[in-house]
Amino acid sequence: MQDIDYFQKALHEFNDGNWYGWKTHDSDGNKIPNADRMTYANIKVIKDGASIPSEADVNAKIQEIKDAETAATNKKASGKQKLKDLGLDDDEIKTLTGA
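## Focus: the pattern of salt bridges
Counting across every chain of the model gives three salt bridges. Here Lys9 and Glu69 are joined by a salt bridge, their closest N and O atoms 3.3 Å apart. With Lys9 in helix H1 (residues 3-12) and Glu69 in helix H3 (residues 55-85), this residue pair connects regions lying 60 residues apart in the sequence. The exposure class assigned to Glu69 is partly exposed, which follows from its relative accessible area of 27%.

In structure tokens:
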């Protein structure tokens, strides 16, 4: 998963989901190129009552999401190995787990 995907995934964890958009112009009125818009500096609030979390909070949430994905991957591999240790072959494991 690309970092921008983690960034957006983290932002969705704040303010109950779809609360943000991206600025199209900087404070001087210059158009921000699309490739440069999806950054912390260009977040804008589009939902009443929402507020922009701190950049540190967003970065912490990104790390939390990455850590959870790593843990899930590790648990899956560990579970498959335990099934192999019990004598199941790859086809049997795939049938049981779907993966």
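## Remarks on the packing of aromatic side chains
All told, the structure shown has three aromatic pairs when counted by the stated rule. When the centroid spacing of 5.2 Å and the interplanar angle of 65° are considered together, the rings of Trp19 and Tyr20 count as edge-to-face. Ring geometry for Tyr20 against Trp22: centres 5.3 Å apart, planes inclined by 75°, an arrangement best described as edge-to-face. As far as burial versus exposure is concerned, Tyr20 and Trp22 are alike and both buried. The ring of Tyr6 is capped by Lys66, whose NZ or CZ atom sits 5.1 Å from the centre of that ring.

What counts, and at which threshold
Residues numbered from 1 in each chain as written. Predicted model: local features only at pLDDT ≥ 70, side-chain atom pairs only at ≥ 80, totals over all residues. Heavy atoms only, no water. Salt bridge = Lys/Arg side-chain N within 4 Å of Asp/Glu carboxyl O. Helix = DSSP H or I, 4+ residues; strand = E, 2+ residues; numbered from the N terminus. Buried < 20%, exposed > 50% of the residue type's maximum accessible area, 1.4 Å probe, protein only. Phe/Tyr/Trp six-rings, centres within 6.5 Å; stacked < 30°, edge-to-face > 60°. Lys NZ or Arg CZ within 6 Å of the ring centre and 35° of its normal.

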